[in-house]
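Each chain is listed here by its residues.
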Amino acid sequence: MIVQQLLFSLLLYPAGSASIDLGPVSVPGDIILGGLFPVHKKGERTACSQQIYHRGVQRLEAMMFAIDRINSNPRILPNITLGVHILDTCSRDTYALNQSLQFVRASVNNIDTSALECVDHSIPRPRNNYTGPVFGVVGGSYSSVSLQVANLLGLFHIPQISPASTAKALSDKTRFEYFARTVPPDTFQSSALVDIVKSVNWSYVSTIYSEGSYGEYGIEVFHREAQERNVCIATAEKVPSTADDHAFDNIIIKLKKKVNARGVVLFTRAEDARRILQAAKRLNASHTFYWVASDGWGKQQKLVEGLEDVAEGAITVELQSDNIPGFDEYMMSLTPETNLRNPWFEQYWEDTFDCILEKNVPLITHTNFNVCKPELRLSQKVGYEQESKVQFVVDAVYAFALALHNLYRDLCKDYRKSGVCPAMTQYDGGDFYKKYLLNVSFTDLAGSPVKFDHRGDGLARYDILNYQRLINASGYHYRVVGKWFNSLELNLDHLVWNNNQTVPPTSACSLPCEPGMIKKQQGDTCCWICDKCEEYEYVFNEFTCKDCGPGYWPYEDKLSCYALELQYMRWDSPYALVPAAFSCLGILVTLMIIALFVKHNDTPLVRASGRELSYMLLFGILLCYLNTFALLARPTTETCITQRFGVGVGFSIIYGALLTKTNRISRIFDSASKSAQRPSYISPKSQVIITCTLIAVQILLTLVWMIVEPPGTRFYYPHRSQVILKCKIQDMSFLFSQLYNMVLITICTVYAVKTRKIPENFNESKFIGFTMYTTCIIWLAFIPIYFGTGNSYETQITTLCVATSMNATVALVCLYSPKVYIIVLHPDKNVRKLTMNSAAYKKYNSGPTSTYTASSTHKGGDPSETIPMQNVGPNTPSRSSCTAATTEPASDSVALL
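These figures come from a predicted structure and were not determined experimentally.

1. What to know about the overall build of the protein
Here is step 1 of the chain: In terms of helices and strands, the protein carries 24 helices and 26 strands.
Here is step 2 of the chain: By residue count, 53% of the 897 residues in the protein fall in the buried class.
Here is step 3 of the chain: Sequence separation of at least 24 residues holds for 70% of the intrachain contacts in the protein that already meet a minimum separation of 6.
Here is step 4 of the chain: Counting only carbon and sulfur atoms, one obtains 55% of the accessible surface of the protein, whose full area is about 40,900 Å².

In structure tokens form, the structure reads like this:
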């Protein structure tokens, strides 16, 4: 009640000195619709300037055009005439609020004036009378204007529909209960601008916005959504409502300091956008920035007039609108002589044609004037183009008309007189807004759907425009390059930037990191340095590298990992072919020797060499050769078990047999030098048992090893890009497993050294010595090579294979080549000659301390076990240090052991 009394006091008095009274557009009718349009631009020192605003004039005429169409349509509000009361807002919110007071004066009749009294004690009364009540208002255009006016009109329950105000705050029904609009709020437009920025891959932009609800609310939503989508704001500059050229120059200077932010988003009024372009031109920044602008710029030609080179390449958003059929013809039919209801049309005419009407020429003047010719008409040749908001103005008028029609149908169906029934004139405007206006839904004159949501907002549909140079021409035009309806559809191929660039320019604080690199933030979230992930890491997210883990390696794009191919010895590798060929040759030679010995099994040479141990030696040599294939095979539990037993047992057979042999020879000659008693455990059976016992120790140790370290396979990673499949054998474990064989080799070598000076007729010990010396050399070379090549599994396995085969080959060559030579090439020497129990031996070695008979017949011995000898020279010492009894040289050779 207090607010109404204050407002009523304002209504009783004129609006004072707000500005020059430019007069409204008043058309009488049964129902009056108010209108608020920016016919003039705002003045710098006064509320209104004398400069006409062409868009505002078109919107005003669009309302008149719609009123005429509705009044001539008998199916809408029959027998009821709509009138208008249109005011100029001069693009200024405070002036528009002052002007809007006229709309509520008709409501004063409903105010209780009993508590009011004038200064002269007269009864308060309205200043002006109208032909009917103001049922609603179409306007204003700027959001700042609508915010002010909506508050005022809401107090009197006067509905308002804006054809252009897009501020987000106007959707708040707790503040603006009776406000609606045929356009969507800026939240959608802000989303469209962010989508555009993202589509051209900009991540660092500057923003400029106008002071007031339109710019401030719009840019607030843009900033919030940009941050959510990783677009950073380099600088945000506000254009004050009283900004001069110096203020605009300062804005451009600040933008130029952000060198990498070449994209600039404008959420400004049209006049502010033009002055920004002018400032950029003044400061030689015509091609420095790339503009993305809201519908405040839209597709206005006047805004870029004379600034085409600065605006070239700009991307603008415009509410999707179609030309209203018949409106262009309506405008082109108007002249100052025929359009008498619009008091500002003469000024619009003179500004459009840059002339002065004859009736406005001063009577006394010393200046030549360009007098307007009578045949002048509006057309595209003079720059006329249907303004984009015309459709929304017409839609707003039609929404009021159809809602009033529905109200008339419900309340005045029994009213028989023409005009508005009393129930309709007294109907509350708030109820009219909620029950009728918000429920209107129709297809407009351009064929587009029109309806309001529960907040009174219109549908969100935008055209995306690109300001381009005409092909093969010097002019420019706005080209539709996309649309936005809940999501962006942008044709990047149709975009043309300044200087005819077709590739989107870069606007980023830091360039995107290359594959395999992550961002290290530096201050702003869009500013970073790129840091390379390790070669074994992948990019988990744009800020984090993660280890792929052992056995995995990142793809080239570093986005994920794949399992590395298992590496093991391949049969087609040279590292496998060489030892395999060597082993095959050894196996073949070994089998041939076995076959040769079997064939000559009963010859004196074979019998004298100890057949049982010879065959065991050959089997051990064959097993060593076969171990190569177990070592080269793909590691499995079975092959790993075979490797453990094969290598150790193979060596223990060879060196166990050799140890038994050398020990036997050593004991025989040691015993011969001390007594005539035959040593024990020198029979073939005893020798086999001793050898098998030595082999059994290795087998037992291997079984213990398998219990302590169960067999199986493991993955070995010499470095991160390699995974090798190996047996579950540690290198040191393998070395320890061969300690027993090393002990056998060492003892064999000691015995070989001890028996090196026996008579030449016992030269098998000499070959055993050669074997053991060479074996020691091989092992001394093998151990450092094997452990020094741990990171190269191929070299390590090949070394082990070759070392094993070399040991077998040394034994095969040194021990069996002399025998094979006799058997194959000199079979005549494969006969029994001089033995230790022969008369010749007794003659050569007679003496009380040296007489020793090793006859196989003594104590049940086997004749095959006699030790043949060559003739001993007179100076050759025996094991008993006895001298020979004869100096006769040997007349023929004796079989070799």
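2. Quick look at the sheet that holds strand β7 (residues 160–162)
Here is step 1 of the chain: In spatial order, the strands read β1-β5-β2-β6-β7-β8; together these six strands make up an open sheet with mixed pairing. The open sheet is flanked by β1 (25–27) and β8 (179–181), the only strands paired with a single partner. Adjacent strand axes in the sheet meet at a mean angle of 20 degrees when their direction is disregarded.
Here is step 2 of the chain: Pairing analysis gives three bridges linking β7 to β8, with the strands arranged parallel. Considered in β8, the bridge of Ser162 is made with Arg181.
Here is step 3 of the chain: Each of β2 (31–37), β5 (82–88), β6 (134–138) and β7 touches helix α12 (residues 390–411); the most contacted strand, β6, lies at about 160 degrees to it.

3. Re the pattern of salt bridges
Here is step 1 of the chain: Tallied over the full model, the rule gives 21 salt bridges.
Here is step 2 of the chain: A salt bridge links Glu387 to Arg55, with the nearest nitrogen and oxygen atoms 3.0 Å apart. Of this pair, Glu387 sits in the loop between α11 (345–353) and α12 while Arg55 sits in helix α2 (residues 54–71); the two residues are 332 residues apart in sequence, bridging distant segments of the chain. For the residue pair Glu387 and Arg55, the accessibility class agrees, reading buried in each case.

4. Thoughts on the sheet that holds strand β16 (residues 462–469)
Here is step 1 of the chain: If you trace the eight strands from one edge of the open sheet to the other, you get β10-β9-β11-β12-β13-β16-β17-β18, paired in mixed fashion. Unpaired on one side and paired on the other, β10 (232–239) and β18 (488–490) mark the two borders of the sheet. For this sheet the average axis-to-axis angle between neighbouring strands, irrespective of direction, equals 30 degrees.
Here is step 2 of the chain: Here strand β17 (residues 476–484) runs beside β18; their pairing, made up of three bridges, is antiparallel. Of the residues in β18, the one forming a bridge with Trp484 is Leu488.
Here is step 3 of the chain: The sheet contacts of helix α6 (residues 213–228) involve β9 (204–210), β10 and β11 (263–267), and relative to β9 the element is tilted by about 160 degrees.

5. Here's the deal with the layout of surface pockets
Here is step 1 of the chain: Its volume calculated, the largest pocket comes out at about 1,500 Å³.
Here is step 2 of the chain: As for the largest pocket, its lining consists of 47 residues, and the residues nearest its centre are Lys41, Gln51, Tyr53, Arg274 and Lys302.
Here is step 3 of the chain: Sorting the residues of the lining of the largest pocket by element identifies β3 (40–42), β4 (48–52), α2, α8 (270–282) and α11 as the ones contributing at least two each.
Here is step 4 of the chain: Looking at the lining of the largest pocket element by element, the count peaks at six residues for α8.
Here is step 5 of the chain: Broken down by class, the residue content of the lining of the largest pocket amounts to 14 nonpolar, 16 polar and 17 charged.

6. A short note on the environment of Ser321
Here is step 1 of the chain: Note on placement: Ser321 falls in the loop between β13 (315–319) and α10 (327–333).
Here is step 2 of the chain: Separated by 125 residues in sequence, Ser321 and Ala446 have C-alpha atoms that sit 8.5 Å apart.
Here is step 3 of the chain: When sequence neighbours within four positions are dropped, the list of residues in contact with Ser321 reads Ser388, Gln391, Phe392 and Asp463.
Here is step 4 of the chain: A polar contact is formed between the side chain of Ser321 and the backbone oxygen of Ser388, at a distance of 3.2 Å.

7. What to know about the packing of aromatic side chains
Here is step 1 of the chain: What the rule picks out here adds up to 22 aromatic pairs.
Here is step 2 of the chain: An angle of 85 degrees between the planes, with centres 5.8 Å apart, marks the rings of Tyr290 and Trp497 as edge-to-face. One end of the pair, Tyr290, is in strand β12 (residues 290–293); the other, Trp497, is in the loop between β18 and β19 (517–522), and 207 residues separate them in sequence.
Here is step 3 of the chain: Counting every residue linked through ring pairs, the aromatic cluster contains Phe135, Tyr427, Phe432 and Tyr436.
Here is step 4 of the chain: Here the basic side chain of Arg570 rests over the ring of Tyr568, its NZ or CZ set 3.9 Å away from the ring centre.
Here is step 5 of the chain: A cation sits over an aromatic face here: Lys819 above Tyr816, 5.8 Å from the ring centre.

8. Brief notes about helix α17 (residues 611–632)
Here is step 1 of the chain: An ideal rise of 1.5 Å per residue puts 32 Å on 22 residues; α17 measures up with 32 Å between its terminal C-alpha atoms.
Here is step 2 of the chain: The element α17 is largely enclosed, with a buried count of 17 among its 22 residues.

9. Side note on the state of the cysteines
Here is step 1 of the chain: As enumerated under the stated definition, the model contains eight disulfides in all.
Here is step 2 of the chain: One disulfide bridge connects Cys548 with Cys561, the sulfur atoms lying 1.8 Å from each other. Disulfide Cys548 to Cys561: torsion about the S-S bond roughly -65 degrees, handedness left-handed. Of this pair, Cys548 sits in the loop between β22 (544–547) and β23 (552–554) while Cys561 sits in strand β24 (residues 561–563); the two residues are 13 residues apart in sequence, bridging distant segments of the chain.

10. Some words on helix α14 (residues 429–437)
For an α-helix the count is 3.6 residues per turn, leaving residues at separations of three or four pointing the same way.
Here is step 1 of the chain: Three or more residues of α14 are buried, namely Gly429, Gly430, Phe432, Tyr433, Tyr436 and Leu437.
Here is step 2 of the chain: Check the buried side of α14 and you find it contacts β7, β8 and α12.
Here is step 3 of the chain: Here α14 starts with a cap whose side-chain oxygen sits 2.9 Å from the backbone nitrogen of Gly430, and that cap is Asp428.

11. Quick word on the side chain of Ser49
Here is step 1 of the chain: With respect to the secondary-structure elements, Ser49 resides in strand β4.
Here is step 2 of the chain: By relative accessible area, which is 16% here, Ser49 ends up buried.
Here is step 3 of the chain: A distance of 2.7 Å separates a polar atom in the side chain of Ser49 from the backbone oxygen of Lys41.
Here is step 4 of the chain: In this structure the side chain of Ser49 is engaged in a polar contact, spanning 3.3 Å, whose partner is the backbone nitrogen of Gln51.

12. A look at the pairing of β9
Here is step 1 of the chain: Most of β9 is tucked away, with seven of its seven residues classed as buried.
Here is step 2 of the chain: The side-chain alternation of β9 yields two buried faces, one formed by Tyr204, Ser206, Ile208 and Ser210 and the other by Val205, Thr207 and Tyr209.
Here is step 3 of the chain: As a crossover connection, the stretch from β9 through α6 into β10 is right-handed.
Here is step 4 of the chain: Bridge count between β9 and β11: five bridges; the pairing is parallel. The residue bridging Tyr209 from the neighbouring strand is Phe267, located in β11.

13. Focus on unusual backbone geometry
Peptide bonds are trans in most cases, and residues, glycine excluded, mostly fall at negative phi.
Here is step 1 of the chain: Backbone torsion omega between Gly139 and Gly140 reads -10 degrees, so that peptide bond is classified as cis.
Here is step 2 of the chain: Note that Gly140 resides in the loop between β6 and α4 (143–155).
Here is step 3 of the chain: Of note, Asn486 is a non-glycine position whose phi angle comes to about 75 degrees, a positive value.
Here is step 4 of the chain: Inspection of the secondary structure puts Asn486 in the loop between β17 and β18.
Here is step 5 of the chain: Even without being a glycine, Lys558 presents a positive backbone phi close to 65 degrees.
Here is step 6 of the chain: According to the relative accessible area criterion, Lys558 is buried, its value standing at 12%.

14. A look at the pairing of β6
Here is step 1 of the chain: The buried fraction of β6 is high, at five of five residues.
Here is step 2 of the chain: Relative to β6, β2 runs parallel, the two sharing four bridges. Bridge pairing links Ile32 to Val134 in β6.
Here is step 3 of the chain: Judged from the two bridges that link them, β6 and β7 form a sheet pairing that is parallel. Considered in β7, the bridge of Val137 is made with Gln160.
Here is step 4 of the chain: Note on the crossover from β6 through α4 to β7: the handedness is right-handed.

What counts, and at which threshold
- Residues numbered from 1 in each chain as written.
- Predicted model: local features only at pLDDT ≥ 70, side-chain atom pairs only at ≥ 80, totals over all residues.
- Heavy atoms only, no water.
- Helix = DSSP H or I, 4+ residues; strand = E, 2+ residues; numbered from the N terminus.
- Buried < 20%, exposed > 50% of the residue type's maximum accessible area, 1.4 Å probe, protein only.
- Contact = heavy atoms within 4.5 Å.
- Areas by Shrake-Rupley, 256 points an atom, 1.4 Å probe, with all protein chains shown as cover.
- Pairing = 2+ DSSP bridges.
- Axes fitted to C-alpha atoms, helices over the stretch in contact; angles between N-to-C directions.
- Salt bridge = Lys/Arg side-chain N within 4 Å of Asp/Glu carboxyl O.
- 1 Å grid on protein atoms, 1.4 Å probe; cavity = no way out; pocket = protein on both sides within 12 Å on 5 of 7 lines; lining within 4 Å.
- Points joined across faces, edges and corners; volume = space filled by probe spheres on them.
- Nonpolar A, V, L, I, M, F, W, Y, C, P; charged D, E, K, R; others polar.
- Polar contact = N/O pair within 3.5 Å; in protein donor to acceptor, adjacent residues only side chain to side chain.
- Phe/Tyr/Trp six-rings, centres within 6.5 Å; stacked < 30°, edge-to-face > 60°.
- Lys NZ or Arg CZ within 6 Å of the ring centre and 35° of its normal.
- Expected span 1.5 Å × (residues − 1).
- Disulfide = S-S within 2.5 Å.
- Right-handed = clockwise from strand over helix to strand, strands pointing away.

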